[in-house]
Amino acid sequence: MKKVLVLGGTGFVGKNLCSALVSAGYQVFVLTRNLTKARQVLGNNIKTLVWRGPQSLTPSAALPETEYIINLAGESIGEGRWTRQKKKRILDSRVNTTRTVVNAIKNKTLKPSLLINASAVGFYGPHGDEQLTEDTPAGQDFLARVCRAWESEAYEARALGVNVITLRIGVVLGKNGGALEKMQLPFKFYMGGPLGTGDQWLSWIHLEDLTGSIIYILENGNITGPVNATAPHPVTMREFCRTLGKVMGKPSWLQVPTTVLRLALGEQADMLLNGQRVIPAKLQDAGYTFKFPTLNQALENIIKN
Ligand SMILES: NC(=O)c1ccc[n+]([C@@H]2O[C@H](COP(=O)([O-])OP(=O)(O)OC[C@H]3O[C@@H](n4cnc5c(N)ncnc54)[C@H](OP(=O)(O)O)[C@@H]3O)[C@@H](O)[C@H]2O)c1
């Protein structure tokens, strides 16, 4: 049985990934800051170990020798206003956690052959209609700087003989949590519609395709470097809202003006008002078959089942 160590395994992506890994026959260990919460979220099939968080990898028990490490840990970017302190936590929680993992590989506390580290499509910064692949350089805004710093820390493990993959994840769509729950709320009250101009691109992925592609990467030894974890058919914000309204049986008419969003959210509004049209070139080249390639298929599955 192959062993996987997951950091950030109690989150929206992590808990679903852990259960998919167990179903696929992996033995899963989760390093968490909160053992009680982790046991509640993950149940008994997954061994949980507590650590002090990004500052030091001091687990409660000896760490297992795992072949794979998946690092998803990081302060939420969607919850709470982006104050100076919040932005510092967003950056530090990611960079310091990743550095701690790499240091543990350096001092041989951890001995993986593969490190899959989360990143995000925000790596590319704001773009227009052009299609972006893994070869597109990083952007310059706050999220792009966070992703670049986060990925750079992970790639330090390459010098230690570890295959490193950074997953540039799009907006993850799934049941019970994540961005979709928040996006559905105004539609439930017949107040749904695009944010800003509606022309900005939104690169998304169904949660099952995210966990499916991670398992595909574990089982296909040839993938390395940055990987766009997005569905092959990104959409504009206008199209996203139109499809969401259609699947929910609600209208999509109330456009939220850019100025209102900026006043309400400050700098965080940029994340919603700008976007990027990302193509999963490497996953497609590697032969991964998306279960939900189009938004309509994904939303029908999540909302109607
Ligand atoms: N969901 C999306 O749409 C999306 C899109 C692009 C990229 N991503 C990236 O993918 C990763 C997983 O996403 P998610 O939606 O599952 O995130 P999430 O639900 O917020 O979970 C993240 C996990 O990270 C740990 N964590 C939270 N704050 C932390 C801090 N300050 N320091 C260290 N660890 C902390 C927590 O685990 P413990 O409490 O157990 O320690 C938490 O369960 C994140 O890094 C996120 O940036 C997600």
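Summarised in this report is the structure supplied together with it. (Residues numbered from 1 in each chain as written. Predicted model: local features only at pLDDT ≥ 70, side-chain atom pairs only at ≥ 80, totals over all residues. Heavy atoms only, no water.)

## Topic: the site of the ligand
Consideration 1: Taken together, 24 residues form the shell around the ligand, and within it Thr10, Val13, Thr32, Lys37 and Arg94 come nearest.
Consideration 2: One nitrogen or oxygen atom from the main chain of Val172 is found 2.9 Å from an oxygen atom belonging to the ligand.
Consideration 3: When isolated, the ligand has an accessible area of 900 Å², and the protein chains bury 83% of it.
Consideration 4: Elements with a minimum of two residues in the shell around the ligand: helix H1 (12–23), helix H3 (84–106), strand S5 (114–120) and strand S8 (171–173). (Near = heavy atom within 4 Å. Polar contact = N/O pair within 3.5 Å; in protein donor to acceptor, adjacent residues only side chain to side chain. Areas by Shrake-Rupley, 256 points an atom, 1.4 Å probe, with all protein chains shown as cover. Helix = DSSP H or I, 4+ residues; strand = E, 2+ residues; numbered from the N terminus.)

## Some remarks on a nonpolar patch on the surface
Consideration 1: Nonpolar side chains collect at one region of the surface, where Leu185, Phe189, Met191 and Trp253 lie side by side and expose about 480 Å² of accessible area between them.
Consideration 2: Position of Met191 relative to the elements: it lies in the loop between helix H5 (178–188) and strand S9 (201–202).
Consideration 3: Residue classification places Met191 among the partly exposed positions, given a relative accessible area of 42%. (Patch = residues over 30% accessible without salt bridge, like charges linked within 9 Å, V, L, I, M, F, W, Y side chains within 5 Å. Salt bridge = Lys/Arg side-chain N within 4 Å of Asp/Glu carboxyl O. Buried < 20%, exposed > 50% of the residue type's maximum accessible area, 1.4 Å probe, protein only.)

## Topic: the packing of aromatic side chains
What describes a pair of aromatic rings is the distance from one ring centre to the other and the angle between the planes of the rings.
Consideration 1: Tallied over the entire structure, the rule returns 5 aromatic pairs.
Consideration 2: Between the aromatic rings of Trp82 and Phe142, the centroid separation amounts to 5.3 Å while the plane-to-plane angle is 65°, which identifies the pairing as edge-to-face. Residue Trp82 is located in the loop between strand S4 (68–71) and H3, and its partner Phe142 is located in helix H4 (residues 142–155); the two are separated by 60 residues in the primary sequence. Here Trp82 and Phe142 have matching classes, each one buried. (Phe/Tyr/Trp six-rings, centres within 6.5 Å; stacked < 30°, edge-to-face > 60°.)

## Description of helix H11 (residues 295–304)
Since there are 3.6 residues in each turn of an α-helix, residues three or four apart along the chain are aligned in direction.
Consideration 1: Restricting attention to buried positions, one finds in H11 the residues Leu295, Ala298, Leu299, Asn301 and Ile302. Buried residues in H11, looked at end-on, bunch into an arc of 160°, giving them a common side.
Consideration 2: Looking at the packing, one finds that the buried side of H11 touches S8, H5, strand S10 (204–206), helix H6 (207–219), strand S12 (235–236) and helix H7 (237–248). (Arc of directions from axis to C-beta. Contact = heavy atoms within 4.5 Å.)

## Thoughts on H7
Consideration 1: Taking 1.5 Å of rise per residue, the 12 residues of H7 would be expected to cover 16 Å, and the 16 Å separating its terminal C-alpha atoms lies within 8% of that figure.
Consideration 2: If you check which residues of H7 are buried, you get Met237, Phe240, Cys241, Thr243, Leu244, Gly245, Val247 and Met248.
Consideration 3: Structurally, H7 contributes buried residues whose contacts are with S8, H5, S9, S12, helix H9 (269–273) and H11.
Consideration 4: Two residues or fewer after H7 comes Gly249, characterised by a positive phi angle close to 70°. (Expected span 1.5 Å × (residues − 1).)

## Concerning the sheet that holds strand S1 (residues 3–7)
Consideration 1: Pairing is parallel in the open sheet, where 7 strands are placed in the order S3-S2-S1-S4-S5-S7-S11. Whereas interior strands pair on both sides, the edge strands pair on one side only; in this sheet they are strand S3 (47–50) and strand S11 (225–229). Strand-to-strand, the axes of this sheet are offset by a mean angle of 20°, without reference to chain direction.
Consideration 2: Relative to S4, S1 is paired through 4 bridges, and the arrangement is parallel. Residue pairing for S4: Val6 is matched across the bridge by Ile70.
Consideration 3: In the packing of H4 onto the sheet, contacts are made with S5, strand S7 (163–169) and S11, and the angle to S5 comes to roughly 175°.
Consideration 4: The strands that H6 touches are S4, S5, S7 and S11; relative to S7, the one it contacts most, it runs at about 165°. (Pairing = 2+ DSSP bridges. Axes fitted to C-alpha atoms, helices over the stretch in contact; angles between N-to-C directions.)

## Regarding the packing of H3 against H4
Consideration 1: With their axes 8 Å apart at the nearest point, H3 and H4 run at an angle of 10° to one another. For the element pair H3 / H4, the angle class is roughly parallel. Residues Lys87, Ile90, Leu91, Arg94, Val95, Thr98, Arg99 and Val102 of H3 form the contact with H4, whose own contacting residues are Phe142, Val146, Ala149, Trp150, Glu153 and Ala154.
Consideration 2: Broken down by class, the residue content of the contact of H3 with H4 amounts to 9 nonpolar, 1 polar and 4 charged. (Parallel < 35°, antiparallel > 145°, perpendicular 65-115°, else oblique. Nonpolar A, V, L, I, M, F, W, Y, C, P; charged D, E, K, R; others polar.)

So, to be careful, I would describe these as geometric facts and stop short of saying anything about function.
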